[in-house]
Amino acid sequence: MTNLLTKDEAPAATTTPTKGSRFTAAASNYIEDRTSISGAVKEFGRKIFPDHWSFMLGEVSLYSFVIIFLTGSFLTFFYQASMATVIYDGSYVPLKGLEMSTAMSSSLHISFDLRGGLLIRQIHHWAALVFVAAIGLHMLRIYFTGAFRKPRELNWVIGFVLFILAMAEGFTGYSLPDDLLSGNGLRIIEGMVQGIPFVGTWISFLVFGGDFPGTAIVGRLYTLHILLLPAIIVALIAMHLVFVIVHKHTQFSGPGKTENNVVGAPILPMFAAKAGGFFFIVFGIIVLMASFFTINPIWNYGPYDPSPVSAGTQPDWYIGFADGALRLMPPGLEVVLFNHTYSFNILIPLVVLGLFILVVLIYPFIEAWITGDKREHHLLDRPRNVPTRTAIGAAGVTFYASLWAAASSDIVATHFQLSIEGVIHTVQATTILGPIAAYLITKRVCIALMKKDREIALHGYESGRIVRLPGGEYIEVHQPVDEYERWKLVNFTDNKPLMIRPNAKGQITGLQKVRVGMSKWFFEDRISPVTTKELEHGDHH
Amino acid sequence: MATVALIAIGLIFTGGGYALFSSTATAGTSASSQTTIDEGKKLFAANCASCHGAALQGTAAGPSLIGVGAASVDFQVGTGRMPLAMSGPQAMQKPVQFSPDQVSAMAAYVASLSPGPAIPDASLLDGKGDATNGAELFRINCAMCHNVAGAGGALTEGKFAPPLTGVASVHIYEAMLTGPQNMPVFNNANLTPEDKRDIITYLKYLEANPSPGGYELGSLGPVAEGLFVWIFGLGAIVAVTIWLTAKSN
C-alpha cells in the first residue's frame, strides 16, 4: 500500500518543481506567522562551528543518547518490571520450565520470541556503552584543552553531572533483566550501602523494601531508569546545548582566530547536513556492533538466585572503576568497636572515589582560584602549553585506569597466565605510584615539547641538508617555518605565578600565601612564548 | 557437493572413532583382560612410577594413586595433563602422549590394584538429558569457577578453572567424579549420575548452539564488551570524526 502511494506521488513532485518551492514558501510563512521562529532559525542557523575532529565527541554522546532513547522506548513496550515468579515457557531450551521473575522472562521473550527484539536490546546496550565512553572522551578533550575555563565552568559541571547520571542510567538498566549478573551487581551495591556505619542497614532496607533482594527493587529501578533519570538527563542536555550556543564554540589558536571571533562553518546548511549524516554513521556503527557481537547474554546467566556467582562477574565498563577500588582493598580492614562493625574495606573506597569525583566536578573553580585568572577564554590551550594541568590530568587518568584495570584482575590473570594476587598487588602499586610517575613524566614531556616548539619557531626545522662552507665549516641548513604554522607555535598565553599582594587592609592573609604557593607550583616551570622581537632577531640568522 | 561429501565422510570417521574409543574405554573397566593390565603395568612403570611410586603408593614428587580409579587415569592422561609437563600452580594441558588403547591399559592397571571410580558408561554421555536442570546445576555448582558459559576463570595463586568448550563428555564426567587439580569432587550423592548427564547436556547444547546474539567475544562478560566498545566501537567513531573534519589538500 505504501509502495503504491509513493509511486503515485513521485512523478507529481518531479514534474512541477515550482509547486514544491511555492509550498515551502507558504508553509514557512504559515509557521512564521504563528511562531515567529525565523529569529531563532537565523540565530541558530548562523551559529559558527569550527572544524576539528575532537569537537565532534560531544555530538557522538548526544547521538548515542538519541539511539538509546529510541530503542529504549521500544523495549518498554514489551518489558515487564515485575518480580512476580512465573515458569518460563519461551523458546530458549535450557531455561524451559525454570521458575524466574516476570522481569527475566519478559527480557527473554524480547530476546527470543519478539521479532527484532534481540537486535533492539543489543543496540540499546551497545549504545549505552558508547554513550558513556563518548562522554568520557569528550570530557578529556574539554579538560586537556582548557575549554572549561571562564565562561564555561558551569557547563563543565553540567556535563560532569550528566556523566554521573549516565552511569546511574547504565547501572539501573544493567539491573533490570533480573538475571544472575544483574542480581550480583545489586548484591555488591547492597553490601556497599550496608557498609556505611549506623545508617547503612536501614538505608538498604529502605532501598530494597526489606531484605535483599525482596520483590520491590526491579520496579523501583525501572521507574528511575525510564522516568526520573532520563527526564533529568534530557533537561540537563538541553541546558548544556543552550550554554554551547550562548558561549559560542571554542577554537584552537590559528591565524585569524581570536578570542573575539569563531572561525568555521555556519550550522545551516553544511554543518547541519554533515551532523545529520554523522548521526546515521554513528547509528550504523552501533547497529553493526549489535548485529554481529553478543552483549549481555542473559540466557547464559539465567534467572537471579542469591547463591551462585559466576566467574568473570563484572559491572559494565563505566562502573568498573568502583568495582576495581573494592578489589584493591587489602584484607583485614574490618574493625569491631563497641559492638559495631566498621568495614573500612568499603568505606575507604567510598570516600576516596567520592573525593575523586568531587575534585573533578569542581576542578574549573580550583584552577581559576589558583591561577587568579578572571579573563574569558575562547581560544583553546594546546595541552603542552599548560604543563601542570596536563600533568594533573594524566595523573587522574592513570589513577582511574588503575582502578579500571583492577576490575578485570581475574580476566587478566587467566589470559596472561598470572596469579591473581600478583595482578592485584601490581595494580595496588600502580594506583598509588602510577599517578605520581604520570604527573612527573607528563610535565617534563610538555616542557620539552614547548622547548622544541620554541626552537622551531625561532630557527625553523632541521632540513637534514649539510652544507660545507668555503672555510671548511659544516652547518646544517634550517628550513624556516611558514608564518601560518609559526602562529600556532607562538600564540599562547604566558602565565606567570601570582605575586603576593596585600589586601585592602594592607594585610597578607594565610589564604593569600597558600594561593601564591599553589600558583607558583602551577606556573613556575614554564617556557615563555617567542616574542616578536626574538622572532625578528631569529630571522637574521 | 564435494564439501558435503567431505563433511559426511569426516563425520562418519570422527563419530565412528569416538564410538570405538568410548566402547574400548568402558570395555577396559568392565572386562579388562589380564593382557591389557600387563600392558598397562609396563606403561605405568615406564612413565608414571618415578613420581607416583612403583606400587602406586606415591612419592615426594607425586601423590598416591591408590583408590583414584580408572576415571582419574583416563581424565589425567587422556586430556594430556599427565605425564606432568612441569611443576607449577597446576598441571597444564598438553598434547596427549598416549594412544587411547594405552590410556585404557594404564587405567585398567590402576583400577585392578584398588577399587575406585570407573570410566562412565556411554549412556551417561549422550547429551540427551534435561538441559534446563543441567544449566541450573551448572550455575549453582560450577559457574563460580568455570563462568556461566564455561569460559573458565581465575583461582588463587596462579591456578585457574579451564574453559569447558571442546572438552569431551567423558572427560567432563570424569572431572566431576574425581575432582582433578583444584576441583572439588562431585560424588554420586552430591550430583547423581543423571544430574551429571544433564550438566553435560547443557554444556554440549552451548557448544552446538552459538550465541543467537552474534559473536560471543569469548563469553567473558562485561570486560570483553567494554574493551570491544572502546577499541572497535569508539575507534571506528573517532576514525569517522577525523575523516569528516579532514581538509582536502
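Residues numbered from 1 in each chain as written. Chains lettered and ligands numbered in written order. Predicted model: local features only at pLDDT ≥ 70, side-chain atom pairs only at ≥ 80, totals over all residues. Heavy atoms only, no water.

**Some details on the overall build of chain B**
Thinking step 1. Counting its regular elements, chain B contains 10 helices and 2 strands.
Thinking step 2. Along chain B, from the amino end to the carboxyl end, the secondary structure elements read α-α-α-α-α-α-α-β-β-α-α-α.
Thinking step 3. Here chain B holds 249 residues, and 45% of them are scored as buried.
Thinking step 4. Look at the contacts in chain B between residues 6 or more apart in sequence, and 62% of them connect residues 24 or more apart.
Thinking step 5. For chain B, the exposed area adds up to about 12000 Å²; of that, 65% sits on carbon and sulfur atoms. (Helix = DSSP H or I, 4+ residues; strand = E, 2+ residues; numbered from the N terminus. Buried < 20%, exposed > 50% of the residue type's maximum accessible area, 1.4 Å probe, protein only. Contact = heavy atoms within 4.5 Å. Areas by Shrake-Rupley, 256 points an atom, 1.4 Å probe, with all protein chains shown as cover.)

**Considerations on the interface of chain B and chain A**
Thinking step 1. Contacts between chain B and chain A engage 53 residues on the former and 64 residues on the latter.
Thinking step 2. Roughly 4700 Å² is buried in total at the junction of chain B and chain A, and carbon and sulfur atoms are behind 72% of that figure.
Thinking step 3. Between the two partners, chain B and chain A, sit 0 salt bridges.
Thinking step 4. Where chain B packs against chain A, one counts 15 residue pairs in polar contact (both at pLDDT 80 or more).
Thinking step 5. Those elements giving two or more residues to the side of chain B that touches chain A turn out to be helix H6 (131–141), helix H7 (143–146), strand S1 (153–154), helix H9 (193–208) and helix H10 (222–245) of chain B.
Thinking step 6. Looking at the side of chain B that touches chain A, the element that brings in the most residues is H10(B), giving 18 residues.
Thinking step 7. In the side of chain B that touches chain A, the residues fall into 32 nonpolar, 15 polar and 6 charged. (Buried area = accessible area lost by both parts, 1.4 Å probe. Salt bridge = Lys/Arg side-chain N within 4 Å of Asp/Glu carboxyl O. Polar contact = N/O pair within 3.5 Å; in protein donor to acceptor, adjacent residues only side chain to side chain. Nonpolar A, V, L, I, M, F, W, Y, C, P; charged D, E, K, R; others polar.)

**Structural notes on the pattern of salt bridges**
A side chain with one charge may pair with a side chain of the opposite charge, provided their charged atoms come close.
Residue and element names in this part refer to chain A.
Thinking step 1. Scanning the entire structure with this criterion turns up 19 salt bridges over all chains.
Thinking step 2. Arg149 is paired through a salt bridge with Asp381; the nearest N and O atoms lie 3.1 Å apart. With Arg149 in the loop between helix H6 (117–144) and helix H7 (153–175) and Asp381 in the loop between strand S8 (379–380) and helix H15 (387–407), the pair connects residues that are 232 residues apart, well separated along the chain.
Thinking step 3. Judged by relative accessible area, Arg149 falls into the buried class, the value being 10%.

**Let's talk about the domain arrangement of chain B**
All names here are of chain B.
Thinking step 1. Examined at the domain level, chain B breaks down into domain 1 (1–118) and domain 2 (120–209).
Thinking step 2. Listed per partner, the contact involves 18 residues of domain 1 and 18 residues of domain 2.
Thinking step 3. In this assembly, domain 1 packs against domain 2 so that about 1500 Å² is buried in total across both faces, 58% of it on carbon and sulfur atoms.
Thinking step 4. Across the contact surface, domain 1 and domain 2 share 0 salt bridges.
Thinking step 5. Taken together, the links from domain 1 to domain 2 amount to 4 residue pairs in polar contact (both at pLDDT 80 or more).
Thinking step 6. Secondary-structure elements contributing two or more residues to the side of domain 1 that touches domain 2 are helix H1 (2–30) and helix H4 (69–78).
Thinking step 7. It is H4 that provides the largest number of residues to the side of domain 1 that touches domain 2, a total of 6 residues.
Thinking step 8. Here the residues of the side of domain 1 that touches domain 2 sort into 10 nonpolar, 6 polar and 2 charged. (Domains from an automatic or database assignment.)

**Notes on empty space enclosed by the protein**
Thinking step 1. Enumeration according to the criterion identifies 8 cavities of 30 Å³ or more in this entry.
Thinking step 2. The space that makes up the largest cavity amounts to roughly 110 Å³.
Thinking step 3. Forming the boundary of the largest cavity are 15 residues, of which Pro297(A), Glu216(B), Ser219(B), Leu220(B) and Gly221(B) lie nearest the centre.
Thinking step 4. If you list the elements that add at least two residues to the lining of the largest cavity, you get helix H12 (298–301) of chain A together with H10 of chain B.
Thinking step 5. For the lining of the largest cavity, the class distribution of residues is 7 nonpolar, 6 polar and 2 charged. (1 Å grid on protein atoms, 1.4 Å probe; cavity = no way out; pocket = protein on both sides within 12 Å on 5 of 7 lines; lining within 4 Å. Points joined across faces, edges and corners; volume = space filled by probe spheres on them.)

**Some points on the environment of Ala55(B)**
Residues and elements named next belong to chain B.
Thinking step 1. Position of Ala55 among the secondary structure elements: in the loop between helix H3 (49–52) and H4.
Thinking step 2. Classification of Ala55 by relative accessible area gives exposed; the value is 51%.
Thinking step 3. Ala55 sits 14 residues away from Lys41 along the chain, and the two C-alpha atoms are 10.0 Å apart.

**What to know about unusual backbone geometry**
Thinking step 1. Here the residue pair Lys150(A) and Pro151(A) is connected by a cis peptide bond, since its omega of 10° sits within 30 degrees of zero.
Thinking step 2. The omega torsion across Phe212(A) and Pro213(A) is -10°, close enough to zero to call that bond cis.
Thinking step 3. With respect to the helices and strands, Pro213(A) occurs in the loop between helix H9 (200–208) and helix H10 (217–247).
Thinking step 4. Despite not being glycine, Glu157(B) has its phi angle at roughly 50°, a positive value.
Thinking step 5. Turning to its location among the elements, Glu157(B) is positioned in the loop between S1 and strand S2 (160–161).

**Here we look at the side chain of Thr178(B)**
Residue and element names in this part refer to chain B.
Thinking step 1. On the secondary structure map, Thr178 appears in helix H8 (residues 169–178).
Thinking step 2. Its relative accessible area of 13% is what places Thr178 among the buried residues.
Thinking step 3. Looking at Thr178, its side chain comes within polar contact range of the main-chain oxygen of Glu174, at 2.8 Å.
Thinking step 4. Beyond its immediate sequence surroundings of up to four residues, Thr178 is in contact with Val68, Ala71, Ser72, Pro117 and Val185.

**Re a nonpolar patch on the surface**
Residue and element names in this part refer to chain A.
Thinking step 1. Taken together, the side chains of Leu154, Leu350, Val351, Leu355, Leu358, Ile362 and Phe365 make up a nonpolar region of the molecular surface, amounting to roughly 600 Å² of accessible area.
Thinking step 2. Broken down by element, the residue count for the nonpolar patch peaks at 6 residues, all from helix H14 (residues 344–371).
Thinking step 3. Along the chain, Val351 turns up in helix H14. (Patch = residues over 30% accessible without salt bridge, like charges linked within 9 Å, V, L, I, M, F, W, Y side chains within 5 Å.)

**Some details on the packing of helix H17 (residues 420–459) of chain A against helix H18 (residues 483–490) of chain A**
All names here are of chain A.
Thinking step 1. Two elements in contact, H17 and H18, have axes whose closest approach is 9 Å; the angle formed by their N-to-C orientations is 145°. Crossing angle aside, the handedness with which H17 passes H18 is left-handed. From H17, Asp453, Ile456 and Ala457 reach across to H18, where they touch Arg486, Leu489 and Val490.
Thinking step 2. For the contact of H17 with H18, a count of residues per class yields 4 nonpolar, no polar and 2 charged. (Axes fitted to C-alpha atoms, helices over the stretch in contact; angles between N-to-C directions. Left-handed = near helix turned anticlockwise from the far one by under 90°.)

**What about the packing of H14(A) against H15(A)?**
Between two packed helices, the angle of one axis relative to the other and the distance separating the axes together describe the packing.
Residue and element names in this part refer to chain A.
Thinking step 1. Where H14 contacts H15, the two axes come as close as 13 Å, and the packing angle between them is 160°. Looking at the two axes, H14 sits roughly antiparallel to H15. Relative to H15, the crossing made by H14 is left-handed. The segment H14 lies against H15, with Val352, Leu353, Phe356, Tyr363 and Glu367 engaging Arg389, Ile392, Gly396, Phe399, Tyr400 and Leu403.
Thinking step 2. Of the residues in the contact of H14 with H15, the class split is 8 nonpolar, 1 polar and 2 charged. (Parallel < 35°, antiparallel > 145°, perpendicular 65-115°, else oblique.)

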